[in-house]
Amino acid sequence: MNKNSLYNIFIENDSVFAFVKAFLAVLSAFILVYFILLVTGYRPLPVYSALFQGAFGSRRGFGETLLSTTPLLFSGLGFALAYRCGLFNIGLEGQITMGGIAAAFFGFIIPEINPFIHVLICISAGALAGGMWGFIPGYLKAKFGVHEVISVIMLNHIAFKFAAYLVSMQGPMKDKIDDMPASPVISESAKIVRIVSRTRLHWGIFLGIVIAVLVWFLLFRLRLGFKIRAVGKNPYAAEAAGISIKKHIIITLSLSGALGGLAGAVEILGVHYRLFAAFSPGYGFDAIAVALLGMVNPIGIIASSFLFGILRSGSVFMQAMYGVNKDMVSVITAIIVFFMGMSIPIGILIKDRIKRKNHGLDV
Amino acid sequence: MDLMFKLFSLTVFASTLRIATPVILAALGGCMSERSGVINIGLEGMMLMGAFSAVVGSYFFGAWIGVLIGLLTGGLMGLLHAFMSVTIKANQIISATAINIMAVGLPNILIPVIWPNHFGISPTVPVIADIHLPFISSIPVIGKVIGHQNPIVYLTLILVPVISYLLFKTKLGLRIRAVGEHPQAADTLGINVYKMRYIAVTMSGMLAGLGGAFLSICYQAQFSMAMTAGRGFIGLAAMIFGRWSPKGALLACLLFGFADAFQASAQAAGVPIPPELMLSFPYVLTLIALVGLFGKTAVSPAANGKPYFKG
């Protein structure tokens with residue numbers, strides 16, 4: 001091959017191309033934040049090293065990393081699914097909240113039963129509740145043309161207030177025994193079992209990977225997924241081919257919401273064991289970055305959710321060691337989102353240029 | 001009867017105006033940006049950054065400089081969004097989302113750097129005091145509602161017709177709208193599409209930043225985490241409800257402001273509805289208002305959200 005062979009690998013293999021883009025986005029974010037740390041008076045290298053030490057340095061730390069990966073994986077998949085249909089579901093945080101509420105409710109209302117059945121009921125209820133919270137914006141968009149970005153933000157706030165109400169002093173789900181603004185603790189049989197001793201890690205992560213494969217299968221092997229992607233790529237062409245835009249908007253947002261609901265349910269059943277008002281620390285918003293960094297591909301999202309899991313769990317140690325606010329991670333997240341937003345059009349441009357050069361079309 | 005009297009007192013209308021102000025400013029920002037063809041869901045983040053920098057400015061240099069700094073910071077964020085969506089041609093929603101994520105995190109990092117031992121909440125800072133309008137405040141009903149307000153409230157009420165005039169009666173406004181409807185045609189006529197969009201989106205950020213400054217150093221006297229609480233998004237909804245026109249948006253914002261003022265006074269009057277549920281009233285109302293648009297023509301600018309590739 002000629003000297004262009006590296007280029008050829010680059011442009012002919014989409015996943016290599018995607019990986020390089022994602023890698024560059026993460027690298028740029030770390031470099032930029034390096035300077036932010038420097039300007040705000042911290043020593044960047046020890047801070048970074050603490051970040052990774054926190055995420056990998058101990059058995060417990062690594063457990064926490066995988067623990068934060070789990071909800072990010074579910075909600076990242078939810079965001080990606082909607083994105084493939086041309087929809088921008090920034091309402092995952094609200095859908096997570098609704099899923100958590102439903103799971104907690106069935107978790108404590110049902111006494112000890114067969115654990116498998118109990119967890120199944122709770123997880124299904126969570127998915128259903130999240131799905132309902134996704135169905136509403138889908139229906140509003142299909143029927144009334146309400147832009148989903150605005151309706152889901154309203155639904156987010158409604159969900160947060162609803163959860164706060166449920167566990168408030170007069171709330172119907174408030175635990176009567178202690179003073180905490182929380183629901184009663186769920187039954188033993190509703191708890192998702194921990195898998196590694198001396199960590200909080202539970203088997204939710206495996207469920208996440210299974211679901212990721214299922215979403216991949218749905219998107220790229222099933223007729224429904226093909227239609228969803230067709231609507232996302234070119235709604236008018238899809239409509240002309242007999243695919244109903246409205247129907248698929250409703251289906252996709254419901255499924256996307258259900259994935260958010262799953263995230264909330266697994267979080268409640270596997271980590272908190274009871275409902276708090278703001279139990280999700282923004283997983284639904286991180287989902288945007290997770291999905292974009294994973295190139296809105298379920299398999300890529302397994303990897304990107306792990307990266308964000310590292311950032312989440314490592315930041316706690318980083319804050320404890322050097323006093324850098326753990327929100328530094330959200331700045332890294334924002335920069336990654338920026339660069340992913342940038343790299344997609346730039347990537348198309350570069351690819352186009354290389355292709356034209358290779359075919360002798362460019363001078 | 002007594003309860004009704006309490007709920008619909010004139011103070012409710014006065015606070016309606018105060019609560020609506022930041023939302024009106026965000027909605028005006030939305031009008032500017034979207035009329036030029038750039039979707040701006042980053043208003044929320046621009047507002048939040050405006051609120052934060054206004055507090056910093058007020059702490060060090062006094063309240064009015066704080067307002068100015070808030071406005072400029074918003075403009076800077078707008079410039080960033082313009083760069084991403086006009087020059088880089090990134091997905092506008094992705095770019096704005098990045099701004100929103102950053103605006104939540106950045107203040108939390110900077111607060112302990114600026115004020116040691118403060119986390120998530122700034123110390124209280126000088127505020128811009130309310131003023132009495134000499135003649136208007138003595139008019140019976142209207143005086144109670146608009147006679148005694150914050151200067152920024154008055155400024156906002158003036159800005160509504162000003163922005164409306166700018167967009168619909170001036171050459172610049174015509175160009176901005178042309179670029180938002182049909183950039184190719186505008187380009188052939190010699191209008192600089194990129195420049196128009198840069199101007200419009202930067203101004204949009206400034207308006208949002210001003211809204212944030214109002215929130216942190218007029219409405220309150222400090223910055224707290226995520227204090228905008230969706231107001232940027234509600235402003236966006238109000239703009240759509242008002243069909244991309246400043247005057248229409250104003251009415252929608254007042255409706256929202258009333259919902260919020262009403263729930264607050266209902267709580268104070270002891271209406272037996274849990275406060276947490278009452279707090280969700282404005283959001284529910286916004287949703288219903290958006291649905292209520294059904295059947296009427298709510299047409300966004302034709303080139304809204306589409307990057308323009310100069311051919």
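Above this text you will find the structure in question.
Conventions used here
- Residues numbered from 1 in each chain as written.
- Chains lettered and ligands numbered in written order.
- Predicted model: local features only at pLDDT ≥ 70, side-chain atom pairs only at ≥ 80, totals over all residues.
- Heavy atoms only, no water.
- Helix = DSSP H or I, 4+ residues; strand = E, 2+ residues; numbered from the N terminus.
- Rg over C-alpha atoms; globule rule 2.2 N^0.38 Å.
- Buried < 20%, exposed > 50% of the residue type's maximum accessible area, 1.4 Å probe, protein only.
- Contact = heavy atoms within 4.5 Å.
- Lys, Arg positive; Asp, Glu negative; His and termini not counted.
- Charge placed at Lys NZ, Arg CZ, Asp CG, Glu CD.
- Salt bridge = Lys/Arg side-chain N within 4 Å of Asp/Glu carboxyl O.
- Buried area = accessible area lost by both parts, 1.4 Å probe.
- Polar contact = N/O pair within 3.5 Å; in protein donor to acceptor, adjacent residues only side chain to side chain.
- Nonpolar A, V, L, I, M, F, W, Y, C, P; charged D, E, K, R; others polar.
- 1 Å grid on protein atoms, 1.4 Å probe; cavity = no way out; pocket = protein on both sides within 12 Å on 5 of 7 lines; lining within 4 Å.
- Points joined across faces, edges and corners; volume = space filled by probe spheres on them.
- Axes fitted to C-alpha atoms, helices over the stretch in contact; angles between N-to-C directions.
- Parallel < 35°, antiparallel > 145°, perpendicular 65-115°, else oblique.
- Left-handed = near helix turned anticlockwise from the far one by under 90°.
- Phe/Tyr/Trp six-rings, centres within 6.5 Å; stacked < 30°, edge-to-face > 60°.
- Lys NZ or Arg CZ within 6 Å of the ring centre and 35° of its normal.

**Description of the overall build of chain B**
Across its full length, chain B holds 14 helices and two strands. Taken against the 2.2 N^0.38 rule, which gives 19 Å for 311 residues, the C-alpha radius of gyration of chain B at 20 Å falls within 12% of a compact globule. Seen through its C-alpha atoms, chain B measures out along the principal axes to roughly 65 × 50 × 40 Å. Residue burial in chain B is summarised as follows: out of 311 residues, 58% are buried. Taking the contacts inside chain B whose residues are at least 6 apart along the sequence as the reference set, 77% of them involve residues at least 24 apart. When the 17 basic and 8 acidic side-chain charges of chain B are each reduced to a single mean position, those positions are 14 Å apart.

**Points about the overall build of chain A**
Secondary structure summary: chain A contains 14 helices and zero strands in total. Ordered by position in the sequence, the α and β elements of chain A form the string α-α-α-α-α-α-α-α-α-α-α-α-α-α. Here chain A has a C-alpha radius of gyration of 22 Å; the compact-globule value for 363 residues is 21 Å, and the two agree. The principal-axis extent of the C-alpha atoms belonging to chain A is close to 75 × 60 × 35 Å. Every one of the 363 residues in chain A was classed for burial, and the buried ones make up 56%.

**Focus: the side chain of Glu44(B)**
Secondary-structure assignment places Glu44(B) in helix α3 (residues 43–61). An unpaired buried charge is present at Glu44(B): no salt bridge exists, and Arg231(B), the closest side chain of opposite charge, is 7.3 Å distant.

**Re the interface of chain B and chain A**
Contacts between the two partners involve 41 residues from chain B and, on the opposite side, 38 residues from chain A. Buried area between chain B and chain A, summed over both chains or domains, comes out near 3,600 Å², and the portion from carbon and sulfur atoms is 86%. Run the count over chain B and chain A and you get zero salt bridges. Summed over the shared surface of chain B and chain A, the result is three residue pairs in polar contact (both at pLDDT 80 or more). Elements represented by at least two residues in the side of chain B that touches chain A include exactly α4 (63–87), α5 (92–114), α11 (231–241), α13 (275–279) and α14 (281–292) of chain B. The element that contributes the greatest number of residues to the side of chain B that touches chain A is α5(B), accounting for 14 residues. Across the side of chain B that touches chain A, the residue classes break down as 31 nonpolar, eight polar and two charged.

**Description of unusual backbone geometry**
In this structure, Met295(A) is a non-glycine residue whose phi angle is positive, near 50°. In this structure, Met295(A) sits in the loop between α12 (283–293) and α13 (298–322). With phi around 70°, Asn117(B) is a residue other than glycine that occupies positive phi space. Looking at the element boundaries, Asn117(B) is found in the loop between α5 and β1 (131–132).

**Overview of the side chain of Ser68(A)**
All names here are of chain A. Along the chain, serine 68 falls in helix α4 (residues 59–84). Taking the relative accessible area as the measure of exposure, serine 68 reaches 7% and is therefore buried. The contact partners of serine 68, leaving out residues within four places of it in the chain, are Tyr283, Gly309, Arg312 and Ser313.

**Thoughts on empty space enclosed by the protein**
Residues and elements named next belong to chain B. Throughout the structure, instances matching the rule amount to one cavity of 30 Å³ or more. Residue lining of the largest cavity: Ile234, Ala237, Ala238, Phe241, Ala252, Leu255, Phe256, Leu285, Thr286, Ala289 and Leu290, and that is the complete set. Only α11, α12 (246–268) and α14 provide two or more residues apiece to the lining of the largest cavity. Considered class by class, the residues forming the lining of the largest cavity number ten nonpolar, one polar and no charged.

**Let's talk about the packing of α3(B) against helix α10 (residues 193–219) of chain B**
Residue and element names in this part refer to chain B. Running from N to C, α3 and α10 cross one another at 55°; their axes reach a closest spacing of 6 Å. The angle between the axes of α3 and α10 places the two elements in the oblique class. When the axes of α3 and α10 are compared, the crossing they make is right-handed. From α3, Leu43, Met46, Met47, Gly50, Ala51, Ala54, Val55 and Ser58 reach across to α10, where they touch Ser204, Gly205, Ala208, Gly209, Gly211, Gly212, Ala213, Ser216 and Ile217. Taken together, the residues that form the contact of α3 with α10 break down as nine nonpolar, eight polar and no charged.

**Details of the pattern of salt bridges**
Residue and element names in this part refer to chain A. Enumeration over the complete set of coordinates arrives at seven salt bridges over all chains. Between arginine 60 and glutamate 64 there is a salt bridge, with its nearest N and O atoms 3.8 Å apart. Taken together, the positions of arginine 60 and glutamate 64, both in helix α4 and four residues apart, correspond to about one turn of that helix. A relative accessible area of 17% places glutamate 64 in the buried class. Here glutamate 148 ties to lysine 141 by a salt bridge, and the two come within 2.7 Å at their closest N and O atoms. When its relative accessible area of 22% is taken as the criterion, lysine 141 is described as partly exposed.

**Regarding the packing of aromatic side chains**
Following the criterion strictly, the structure yields 24 aromatic pairs over all chains and no others. Aromatic ring contacts, followed pair by pair, group Phe13(B), Phe258(B), Phe262(B) and Phe281(B) into a single cluster. A cation sits over an aromatic face here: Lys191(A) above Tyr273(A), 4.5 Å from the ring centre. Positioned over the ring face of Phe309(B) is Lys89(B), at 5.3 Å from the centre of the ring.

**Here we look at helix α9 (residues 223–233) of chain A**
When α9(A) is considered as a whole, its buried residues turn out to be Gly225(A), Ile228(A), Ala230(A) and Val231(A). Looking at the buried positions of α9(A), the neighbouring elements they touch are α4, α8 (204–221), α10 (235–240) and α11 (245–272) of chain A.

**Considering the environment of Arg18(B)**
Residue and element names in this part refer to chain B. Relative to the helices and strands, arginine 18 is located in helix α2 (residues 10–35). Its relative accessible area of 24% is what places arginine 18 among the partly exposed residues. Along the primary structure arginine 18 and valine 86 are separated by 68 residues, whereas in three dimensions their C-alpha atoms are 34 Å apart. Within the local environment of arginine 18, its side chain forms a polar contact with the side chain of glutamine 149, the two groups lying 3.0 Å apart.

**Structural notes on the environment of Arg274(A)**
Mapped onto the secondary structure, Arg274(A) falls in the loop between α11 and α12. In terms of polar contacts, Arg274(A) uses its side chain to reach the side chain of Asp178(A), at 3.4 Å.

**Quick look at the packing of helix α3 (residues 44–56) of chain A against α4(A)**
All names here are of chain A. Between α3 and α4, the shortest axis-to-axis distance is 5 Å and the interhelical angle comes to 90°. Between α3 and α4, the angle is such that the two are roughly perpendicular. Seen from α3, the contacting residues are Gly54, Ala55 and Phe56; seen from α4, they are Gly61, Phe62 and Thr65.

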